[in-house]
Amino acid sequence: QVQLVESGGGLVQAGGSLRLSCAASGRTFSSYAMGWFRQAPGKEREFVAAISRSGGDARYADSVKGRFTVSRDNAKNAAYLQMNSLKSEDTAVYYCAARFEWRDYVPVTLEYNYWGQGTQVTVSS
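Notes on the structure follow. (Residues numbered from 1 in each chain as written. Predicted model: local features only at pLDDT ≥ 70, side-chain atom pairs only at ≥ 80, totals over all residues. Heavy atoms only, no water.)

## Topic: the nonpolar core
Counting residues in each nonpolar core, the largest one holds 34 residues, and the members touching the most others are Met34, Trp36, Leu81, Met83 and Tyr94. Of all the secondary-structure elements, those providing two or more residues to this core are strand 3 (18-24), strand 4 (32-39), strand 5 (46-51), strand 7 (68-73), strand 8 (78-83), strand 9 (92-100) and strand 11 (119-124). For Tyr94, the residues in contact, after removing those within four places along its chain, are Glu6, Leu20, Phe37, Arg38, Val48, Phe68, Leu81, Met83, Gly118, Thr119 and Val121. (Core = buried A, V, L, I, M, F, W, Y, C linked by side-chain atoms within 4.5 Å. Buried < 20%, exposed > 50% of the residue type's maximum accessible area, 1.4 Å probe, protein only. Helix = DSSP H or I, 4+ residues; strand = E, 2+ residues; numbered from the N terminus. Contact = heavy atoms within 4.5 Å.)

## Quick word on the environment of Asp57
Positionally, Asp57 belongs in the loop between strand 5 and strand 6 (58-60). Residues Asp57 and Val106, 49 residues apart in the sequence, show an inter-C-alpha distance of 6.9 Å. Within the structure, the side chain of Asp57 is placed 2.8 Å from the side chain of Arg59, a separation counted as a polar contact. (Polar contact = N/O pair within 3.5 Å; in protein donor to acceptor, adjacent residues only side chain to side chain.)

## Regarding the pattern of salt bridges
For the structure on display, the rule yields six salt bridges. Asp90 is paired through a salt bridge with Arg38; the nearest N and O atoms lie 2.9 Å apart. Note that Asp90 is positioned in the loop between strand 8 and strand 9 and Arg38 in strand 4, a separation of 52 residues in sequence. The partner of Arg67 in a salt bridge is Asp90, with the nearest N and O atoms 2.7 Å apart. One end of the pair, Arg67, is in the loop between strand 6 and strand 7; the other, Asp90, is in the loop between strand 8 and strand 9, with 23 residues separating them in the sequence. The class of Asp90 is buried, set by a relative accessible area of 1%. (Salt bridge = Lys/Arg side-chain N within 4 Å of Asp/Glu carboxyl O.)

## What about the layout of surface pockets?
Reported here for the largest pocket is a volume of approximately 170 Å³. Around the largest pocket, the lining comprises 13 residues; the ones closest to its centre are Arg38, Lys43, Glu46, Glu89 and Asp90. Looking at the lining of the largest pocket, its residues break down into two nonpolar, three polar and eight charged. (1 Å grid on protein atoms, 1.4 Å probe; cavity = no way out; pocket = protein on both sides within 12 Å on 5 of 7 lines; lining within 4 Å. Points joined across faces, edges and corners; volume = space filled by probe spheres on them. Nonpolar A, V, L, I, M, F, W, Y, C, P; charged D, E, K, R; others polar.)

Given below as structure tokens:
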């Protein structure tokens with residue numbers, strides 16, 4: 001069982017930056033790939049970024065490539081999403097998720113085992 005708690009959301013002006021954190025419980029954090037997803041009002045939840053269990057590989061949605069960076073610290077049981085050059089269309093609730101993986105793989109679908117409660121990111125134009 002893994003419990004995930006996001007933090008770091010808030011209100012920021014367009015062009016600004018935010019860093020989201022995801023704190024995970026459990027002793028096997030390094031066995032899980034970590035993903036970030038977001039859901040805007042009236043829209044479906046979508047993939048943003050993900051990182052492999054070792055941190056050696058990462059994937060990004062085209063809409064955030066070059067602006068967002070996903071990372072993790074297995075010693076601290078934490079994952080992060082650094083968001084730069086934020087745009088109004090980045091406004092959404094952001095969720096972190098964990099998926100058990102036997103290999104160093106980066107899943108980019110919604111098929112994750114555990115989800116956090118979400119943190120609101122609002123970008124004003």
